[in-house]
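Descriptive structure summary
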Amino acid sequence: MNRLHIGLTLRIVAVLAVMGIAVFPLYWMFVTALSSDADLFASEARLWPDFSQFGVFVDALAEGETVRWLRNSLVIAVGTTAMSIGLGIPLGYALSRFSFRGKVLTTVVLLLTQMLPEALMVVPLFSLFNRFDLLDSLIGLILANSAFVLPIVALILKGAIDGIPRELEEAGRVDGARPLTMLVRINVPLIAPSIAAAAVIAFFHAWNEFVFAVTFIYAPETQPASVGIASFIGEVGTPVQTVMAVAFMFTLPAVAFYLFAQKYVVAGMTAGAVKG
Amino acid sequence: MTVLEQTRAPRSEAARRRRSPLGSRWTPYVFLAPAAAFIILFQGVPLAQEIYLSFTRTSLLNPTRSTWVGLENYAHIFGDDDFRRTLRTTLVYVVACVAGSVGSGLLVALLLNRNFRGRGIARALVTVPWAAPGIAVALIATWMLNPQYGIVNRFLNAIGLGVPGGTILDSPTYALPAILVTTIWQLFPLTSVVLLSALQAVPKDLTEAATMDGAGRWWTFRAVTWQVIKPTVGLLALLMTIWSIRRFELIWLMTKGGPVGSTETLVIDLYAQAFDSKQLGTAAAIGMVGVVISLIVIAGSRLVARGAAKEGLR
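The model shown is predicted, which means the values in this text are computed figures rather than measured ones.

1. Concerning the overall build of chain B
Along chain B, the regular secondary structure elements total 15 helices and two strands. Projecting the C-alpha coordinates of chain B onto the three principal axes gives extents of approximately 65 × 60 × 40 Å. In chain B, the proportion of contacts linking residues at least 24 apart, taken out of those at least 6 apart, comes to 67%. In the form shown here, chain B has an accessible surface area of approximately 16000 Å², with 64% of it arising from carbon and sulfur atoms. Where the 29 positive side-chain charges of chain B centre and where its 16 negative ones centre are 11 Å apart.

2. Section: the nonpolar core
Residues and elements named next belong to chain A. Membership of the largest hydrophobic core comes to 180 residues, with the highest contact counts inside it found for Phe57, Leu125, Phe129, Phe216 and Ile229. Among the domains, domain 1 (1-33) and domain 2 (53-275) are the pair contributing at least three residues each to this core. If we ignore the near neighbours within four places in the chain, the residues touching Phe216 are Val122, Leu125, Phe126, Phe129, Leu135, Asp136, Leu141 and Ala144.

3. Regarding the UniProt feature "transmembrane region" (unreviewed entry) in chain B
The sites that UniProt annotates as "transmembrane region" (unreviewed entry) are residues 26-45, 91-112, 124-145, 174-202, 223-245 and 283-305 of chain B. In the segment residues 223-245 of chain B, helix accounts for 100% and strand for 0%; the C-alpha atoms at its two ends are 33 Å apart.

4. Some thoughts on the interface of chain A and chain B
Each side of the interface is counted separately: chain A has 103 residues, and chain B has 80 residues. Counting each side, the surface lost to burial between chain A and chain B is near 8200 Å², with a carbon and sulfur contribution of 76%. For the chain A face of the interface with chain B, the top three residues by lost area are Arg11(A), Met115(A) and Leu120(A), together amounting to 8%. Linking Arg246(B) and Glu118(A) is a salt bridge whose minimum nitrogen-to-oxygen distance equals 2.9 Å. In the side of chain A that touches chain B, the residues fall into 73 nonpolar, 17 polar and 13 charged.

5. Comments concerning the environment of Ala131(B)
Mapped onto the elements of the fold, Ala131(B) is located in helix α7 (residues 128-131). Here the alpha-carbon distance between Ala131(B) and Gly165(B), two residues 34 residues apart in the chain, equals 33 Å. In this view, Ala131(B) contacts Phe204(A), Asn208(A), Ala254(A), Val255(A) and Tyr258(A); residues no more than four positions away in its chain are not counted.

6. As for the domain arrangement of chain A
Residue and element names in this part refer to chain A. When cut into domains, chain A gives domain 1 (1-33) and domain 2 (53-275). Measuring from the centre of the C-alpha atoms in domain 1 to the corresponding centre in domain 2 gives 32 Å. On the domain 2 side, the residues contacting the five residues of domain 1 number ten residues. When residues of domain 1 are sorted by the area they lose upon contact with domain 2, Met29, Phe30 and Ala33 head the list and together hold 70% of the total. Connecting domain 1 to domain 2 are zero salt bridges. Counting the contacts that link domain 1 with domain 2 gives zero residue pairs in polar contact (both at pLDDT 80 or more).

7. What about the layout of surface pockets?
Here the second largest pocket is characterised by a volume of approximately 1400 Å³. Looking at the second largest pocket, it is lined by 32 residues, and the ones nearest its centre are Arg11(A), Leu110(B), Asn113(B), Arg114(B) and Arg217(B). A total of nine residues in the lining of the second largest pocket trace back to one element, the largest contributor, which is helix α1 (residues 2-33) of chain A. Grouping the amino acids of the lining of the second largest pocket by side-chain chemistry returns 15 nonpolar, ten polar and seven charged.

8. Some details on the packing of helix α8 (residues 167-174) of chain A against helix α9 (residues 179-190) of chain A
All names here are of chain A. Between α8 and α9, whose axes approach to 10 Å, the crossing angle comes to 160 degrees. Considering the angle they form, α8 stands roughly antiparallel to α9. Relative to α9, the crossing made by α8 is right-handed. On α9, the residues touching Leu168, Glu169, Gly172 and Arg173 of α8 are Met182, Ile186, Asn187 and Leu190. When the residues that make up the contact of α8 with α9 are grouped by side-chain class, the tally is four nonpolar, two polar and two charged.

9. As for the confidence of the model for chain B
Residue and element names in this part refer to chain B. Mean pLDDT over chain B: 86, with 92% of residues reaching 70 or higher. Within chain B, the element-level pLDDT minimum falls on helix α1 (residues 2-7), averaging 42, and the maximum on helix α5 (residues 81-112), averaging 95. Confidence drops under pLDDT 50 across residues 1-11; counting only partners more than four residues distant or on other chains, this segment forms eleven contacts. Low pLDDT, under 50, characterises residues 17-22; the predicted model gives this stretch eleven contacts beyond four residues in sequence or across chains.

10. Quick word on the pattern of salt bridges
Enumeration over the complete set of coordinates arrives at seven salt bridges over all chains. The shortest N-O distance in the salt bridge between Asp39(A) and Arg46(A) comes to 3.6 Å. Between Asp81(B) and Arg84(B) there is a salt bridge whose closest N-O contact spans 3.4 Å. Of this pair, Asp81(B) and Arg84(B) both sit in helix α5, three residues apart, which is roughly one turn of the helix. In this structure Asp81(B) comes out as exposed when scored by relative accessible area, which is 54%. One salt-bridge network, held together by shared partners, links Asp82(B), Arg85(B) and Glu264(B).

11. A closer look at the side chain of Gln43(B)
Assignment of secondary structure puts Gln43(B) in helix α3 (residues 27-53). Relative accessible area serves as the criterion here: at 2%, Gln43(B) is assigned to the buried category. The residues touching Gln43(B), leaving out its near neighbours within four places in the chain, are Thr113(A), Leu116(A), Met121(A), Ala147(A), Phe148(A), Pro151(A) and Phe38(B).

12. Some points on the environment of Thr58(B)
Residue and element names in this part refer to chain B. Of note, Thr58 is situated in strand β1 (residues 56-58). Judged by its relative accessible area of 2%, Thr58 falls in the buried class. Each C-alpha atom, one on Thr58 and one on Gly290, is 20 Å from the other, the two residues being 232 residues apart in sequence. When neighbours within four sequence positions are excluded, Thr58 is seen to be in contact with Leu53, Pro63, Arg65, Ser66, Lys278, Gln279, Leu280 and Gly281. A polar side-chain atom of Thr58 sits 2.8 Å from a polar atom in the side chain of Thr56. Looking at Thr58, its side chain comes within polar contact range of the side chain of Ser66, at 3.1 Å.

Quick notes on the rules
- Residues numbered from 1 in each chain as written.
- Chains lettered and ligands numbered in written order.
- Predicted model: local features only at pLDDT ≥ 70, side-chain atom pairs only at ≥ 80, totals over all residues.
- Heavy atoms only, no water.
- Helix = DSSP H or I, 4+ residues; strand = E, 2+ residues; numbered from the N terminus.
- Contact = heavy atoms within 4.5 Å.
- Areas by Shrake-Rupley, 256 points an atom, 1.4 Å probe, with all protein chains shown as cover.
- Lys, Arg positive; Asp, Glu negative; His and termini not counted.
- Charge placed at Lys NZ, Arg CZ, Asp CG, Glu CD.
- Core = buried A, V, L, I, M, F, W, Y, C linked by side-chain atoms within 4.5 Å.
- Buried < 20%, exposed > 50% of the residue type's maximum accessible area, 1.4 Å probe, protein only.
- Domains from an automatic or database assignment.
- UniProt positions renumbered as here; feature names shortened; annotations may be inferred.
- Buried area = accessible area lost by both parts, 1.4 Å probe.
- Salt bridge = Lys/Arg side-chain N within 4 Å of Asp/Glu carboxyl O.
- Nonpolar A, V, L, I, M, F, W, Y, C, P; charged D, E, K, R; others polar.
- Polar contact = N/O pair within 3.5 Å; in protein donor to acceptor, adjacent residues only side chain to side chain.
- 1 Å grid on protein atoms, 1.4 Å probe; cavity = no way out; pocket = protein on both sides within 12 Å on 5 of 7 lines; lining within 4 Å.
- Points joined across faces, edges and corners; volume = space filled by probe spheres on them.
- Axes fitted to C-alpha atoms, helices over the stretch in contact; angles between N-to-C directions.
- Parallel < 35°, antiparallel > 145°, perpendicular 65-115°, else oblique.
- Left-handed = near helix turned anticlockwise from the far one by under 90°.
- pLDDT = per-residue confidence, 0-100.

Right under this line is the structure:
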């Protein structure tokens, strides 16, 4: 009995420790943003936030820069999500429901794109975008991000459509429905949770993306938050509190959105990883 | 597997589809075309360009003029001591990332694979790092590692393990470990979530029976649990390997490959060659080395998987 108690206690302590490790850096971002200069540079660290400093968030938002950064990130993320889902559903459907020449090749190519480093593709994409006047444009970033996240999205959706009985479609086929109609009317509603998972993954990918953004964007007006926040690194003019406040406001939507959609994302990630 | 099964779909069904005026044999290609065109344009063409560039001398300042130099770029990088160090650093980085993320993910998954109150909350919170943007993680990590005011140094000093001067990210010895810890912190949510769902497939009555028979925890884990989750562990290890070879952001933002090249992996080297030294040819050759290594890893893992499958049959 006693040994059981010790084991249980150890387990609780371990779970709490892991939770602490997972959350602490984000908590610390928050605490740092809400610290007075005196606390920040004192010899003893202050471990809890000082809410009298809350003005730092208000000031950061009042400055047009932060809002513009976040807005640009939002446009890129929403655009990438729409684009990759829009292209990924038909691709996933083709891979799941039809047998055709080049199907195995397509699947292999989708998997192999997972090993192409963004840092390598950034140079040729730069010259491609240069030619089509897509540098310094949010549309350019949406296209580049969609190309990188589309394979994962398509594979998740293929897996989801695999799980839907064909009989449902057979009924539609007898009624003379076109394949596109069947896809939209029968499959899409049934795989809605997987679409949600793929959408969240695409959204995150674009919201967090940095390499393409930092290389393709130079005008302040088109900068997304990832690039804007990165410009704080190595710069000494901005107070640490402001930097952390902006970084926290960039992190919070991603984490909140993730927690909200967690169930779907986990299912999607798991399906993607297990089937991939 | 599913791919193979469907290619061998019964003939009657294929014939029926061909007869149907609405679903011709071009239908799949119509669904496929937009995405395929997209991937070819934004992944295929750039990759082909990079392969070509790797055999040329091309400057970033004048990228439309390339001189064909054959294998010169490859000869150059493989003769370069710095590049060999980069390869070694990449190896250490990748192995540590894979072992660290899969290992910690497994421990966390085993920890959470029990029913207890608050398990839902624990599972949600533990996966939060995965959602945090890399740039924000780089910023908070750099601040936490600040020599004078960083919480990490304050903590290490308090328990008597402080680094002299506290300069972790400026030290050739400690910079890579610090980046590894940060990277693994971001990766373990993914591995633990995937492994947790693999653990759900372990038959409870089997582990219970083993425990009843007086088998130790470790024995039960090896004989039952491990056998069930082994394919998932292998797949995760493969995924983590490939992703770690191409991961760029955290290292670039935290150290840019320094100090004195101690955190310079292939992709960091490649980016610096392209945008600092403006040598697009060399950069492309370095990138190709990374791609080929990934291909070898994938091919190798397939062989191992096939071997394991055969062993299982015996």
